Amino acid sequence: QVQLAESGGGLVQAGGSLRLSCAASGRTFSNYAMGWFRQAPGKEREFVAAISRGGSTTYYADSMKGRFTVSRDNAKKTGYLQMNSLKPEDTAVYYCAADVSFTRIRNMAPDLDSWGLGTQVTVSS
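(A) Just unusual backbone geometry, in detail. Located in the positive-phi region is S85, a residue other than glycine, with phi close to 50°. Within the secondary structure, S85 sits in the loop between β8 (78–83) and β9 (92–99). Of note, M108 is a non-glycine position whose phi angle comes to about 50°, a positive value. Its location among the elements puts M108 in the loop between α1 (102–106) and β10 (114–115).

Written out as structure tokens, the structure reads:
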């Protein structure tokens, strides 16, 4: 498995931007597809974005298209989620996850290989 640690969360006003990072350690990061998920208070965890092992393929939840961009730097063993035009409804704990399968990430399989502990994003109105 690969160990993951998110950072970059915080408090931002509506319309603002944040960039989340997901630092990996352990096994070779480039062997894993990566994804971002979020969970708001009282709601189930939902899929945000996925990126393939090499970074050439990405996939987004409909509500994030055009506002969020997922990327990765395999040399730095780090994934990123750039979030623009943030809305109060984007408030949630954001998690990164890794799995050998891009499809499993995109489908938010219940048993993905690795999860981070999450970082809080709060968007004020």
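(B) Region of interest: the pairing of strand β4 (residues 33–39). Where burial is concerned, most of β4 is hidden: 6 out of the 7 residues are buried. Of the strand pairs in this sheet, β4 and β9 are connected by 7 bridges, and their pairing is antiparallel. Each bridged residue has a counterpart across the sheet, and for G35 the counterpart in β9 is A97. Two elements, β4 and strand β5 (residues 46–51), share 5 bridges in a ladder whose sense is antiparallel. In the strand pairing of β5, F37 is matched with F47. The antiparallel hairpin formed by β4 and β5 contains 6 residues in its connecting segment, where G42 sits at a positive phi of about 75°.

(C) View of the pattern of salt bridges. Inspection of the entire model under this criterion finds 6 salt bridges. We note a salt bridge from D62 to K65, for which the minimum N-O separation is 3.2 Å. The exposed category is assigned to D62, whose relative accessible area is 65%. Here the salt bridges do not stand alone but share partners, grouping R38, E46, R67 and D90 into one network.

(D) Just the sheet that holds strand β3 (residues 18–26), in detail. Judged by pairing direction, the sheet is antiparallel, and its 4 strands sit side by side in the order β1-β3-β8-β7 without closing on themselves. Strand pairing shows two members of the sheet lacking a second neighbour, β1 (2–7) and β7 (68–73), which therefore form its edges. The average undirected angle you get between the axes of adjacent strands in this sheet is 20°. Pairing between β3 and β8: 6 bridges, direction antiparallel. Within β8, the position partnered with L18 by the bridge is M83.

The rules we used
Residues numbered from 1 in each chain as written. Predicted model: local features only at pLDDT ≥ 70, side-chain atom pairs only at ≥ 80, totals over all residues. Heavy atoms only, no water. Helix = DSSP H or I, 4+ residues; strand = E, 2+ residues; numbered from the N terminus. Buried < 20%, exposed > 50% of the residue type's maximum accessible area, 1.4 Å probe, protein only. Pairing = 2+ DSSP bridges. Salt bridge = Lys/Arg side-chain N within 4 Å of Asp/Glu carboxyl O. Axes fitted to C-alpha atoms, helices over the stretch in contact; angles between N-to-C directions.

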